[in-house]
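What the coordinates show
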Amino acid sequence: MNRCAIFDLDGTLVDSPRGIVTTFAAVFAQLDLRTADSQTIRATIGLPLPAAFAKVLGTSEDEPVVTACVELYQATFRKIVLPMATQLVFPGVYDGLQSLRDDGFRLAVATSKYIGNAEALLTAAGLREEFSVVVGADQVSRPKPDPESGLLVLRRLGVSPRNAVMVGDTTHDINMAHGAGMASIAVTYGVHGVDQLLSAEPTWLVDSFAGVVAAVRECT
């Protein structure tokens, strides 16, 4: 039986939200735009970049300023975050992923990052080889919380939704799992708080990556 665990990236495998906030601020400074507070920026993590910048700037995604921000973000993120990627991997992730692979689980990533940035971050963090499939927001027409990303992963792996589980730190991940017919594991150490996560009704709620590993085995 094929079984798989699909992981969000930012705030689930890697503590990149800190770097994301710094990168947003650097982009605003370079474009001479008024900056936003860290909480406002953190609240957009989990959304595709155009939606995130549009929300912070209070404008629509098709505005030229949003396009400029997204383009500058790509290069700035790589300069700021990638050099410290291995230091940002959450405790237990390296050993936990290897343990799941040893148990026969197929592992994948479904992220709101563009695929180029996702691949670069996973590679810099020393995690890329753990995953059979990585799906970015620019590879689907409707990113999370729509189920399209999760369903694309399942098609590529040949796994049924009933034999899959989604792991993430935001309601976007949990709602994607619901839409795709998968179980879900919400982690409390990322972006969204416990009450917000519980509002999306995850199958499991855990506070560590060791808890993720145990719940993956239980769910599938």
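Description of the structure in this document.

Analysis parameters
Residues numbered from 1 in each chain as written. Predicted model: local features only at pLDDT ≥ 70, side-chain atom pairs only at ≥ 80, totals over all residues. Heavy atoms only, no water. Helix = DSSP H or I, 4+ residues; strand = E, 2+ residues; numbered from the N terminus. Buried < 20%, exposed > 50% of the residue type's maximum accessible area, 1.4 Å probe, protein only. Lys, Arg positive; Asp, Glu negative; His and termini not counted. Salt bridge = Lys/Arg side-chain N within 4 Å of Asp/Glu carboxyl O. Polar contact = N/O pair within 3.5 Å; in protein donor to acceptor, adjacent residues only side chain to side chain. Phe/Tyr/Trp six-rings, centres within 6.5 Å; stacked < 30°, edge-to-face > 60°. Contact = heavy atoms within 4.5 Å. Core = buried A, V, L, I, M, F, W, Y, C linked by side-chain atoms within 4.5 Å. Axes fitted to C-alpha atoms, helices over the stretch in contact; angles between N-to-C directions. Parallel < 35°, antiparallel > 145°, perpendicular 65-115°, else oblique. Left-handed = near helix turned anticlockwise from the far one by under 90°.

When you line up the elements, Arg3 lands in the segment before β1 (4–7). Asp103 provides the closest opposite charge to the buried, unpaired Arg3, separated from it by 6.0 Å. A distance of 3.0 Å separates a polar atom in the side chain of Arg3 from the backbone oxygen of Asp103.

This part covers the packing of aromatic side chains. For the coordinates displayed, the defined rule picks out nine aromatic pairs. Pairing Phe24 with Phe28 gives two aromatic rings, centres 6.1 Å apart and planes at 75°, and the pair type is edge-to-face. Taken together, the residues span about one helical turn, with Phe24 and Phe28 both in helix α1 (residues 17–30) at a distance of four residues. Here Phe24 falls in the buried class, since its relative accessible area comes to 2%. Residue classification places Phe28 among the buried positions, given a relative accessible area of 0%. Centroid distance Phe90 to Tyr189: 4.6 Å. Interplanar angle 55°. Geometry classified as tilted. Here Tyr189 lies in the loop between β5 (183–187) and α10 (194–199) and Phe90 lies in the loop between α5 (85–88) and α6 (93–102), a separation of 99 residues in the sequence.

Across the nine residues of helix α3 (residues 49–57), seven count as buried, placing the element largely inside the fold. The complete set of buried residues in α3 reads Leu49, Pro50, Ala51, Ala52, Phe53, Ala54 and Val56. Looking at the buried residues of α3, the elements they touch are α1, α2 (38–42) and α4 (64–80). Gly58 sits one or two positions beyond α3 and adopts a positive phi of about 70°.

So, on to the nonpolar core. Membership of the largest hydrophobic core comes to 55 residues, with the highest contact counts inside it found for Phe7, Leu13, Phe24, Phe53, Leu127 and Phe131. Aside from chain neighbours lying at most four places away, what touches Phe24 is Ile41, Thr44, Leu49, Ala52, Phe53, Val56 and Tyr73. In this structure, Cys4, Ala108, Leu157 and Met166 belong to the second largest nonpolar core, which totals 18 residues.

To continue, consider the side chain of Thr23. Mapped onto the elements, Thr23 comes out in helix α1. A relative accessible area of 0% means that Thr23 is categorised as buried. Among residues more than four places away in sequence, those in contact with Thr23 are Tyr73, Thr76, Phe77, Ile80 and Val81.

Now for unusual backbone geometry. Omega for the bond connecting Lys144 with Pro145 falls within 30 degrees of zero, at 15°, which places this linkage in the cis form. Following the sequence through the fold, Pro145 ends up in the loop between β3 (133–135) and α8 (148–157). Positioned with a positive phi, Asp32 is a non-glycine residue whose angle comes to about 55°. Following the sequence through the fold, Asp32 ends up in the loop between α1 and α2. Unlike most non-glycine residues, Glu201 shows phi in positive territory, near 60°.

Moving on, we get to the packing of α1 against α4. The interhelical angle for the contact between α1 and α4, taken along N-to-C directions, is 125°, at an axis separation of 9 Å. In this view, α1 runs oblique relative to α4, as classed from their interaxial angle. Where α1 crosses over α4, the handedness of that crossing is right-handed. Across from Ile20, Thr22, Thr23, Phe24, Ala26, Val27, Phe28 and Gln30 in α1, the residues of α4 making contact are Cys69, Leu72, Tyr73, Thr76, Phe77 and Ile80.

Further remarks concern the pattern of salt bridges. Taken as a whole, this structure holds nine salt bridges when the rule is applied. Note that Asp8 is salt-bridged to Lys144, the shortest N-O span being 2.9 Å. In this pair, Asp8 is assigned in the loop between β1 and α1 and Lys144 in the loop between β3 and α8, connecting sequence segments 136 residues apart. Lys144 shares its class with Asp8; the two are buried. We note a salt bridge from Glu148 to Arg142, for which the minimum N-O separation is 3.7 Å. Exposure remark for Glu148: the relative accessible area of 18% places this residue in the buried category. Beyond isolated ion pairs, a larger network of salt bridges with shared partners links Asp8, Lys144 and Asp173.

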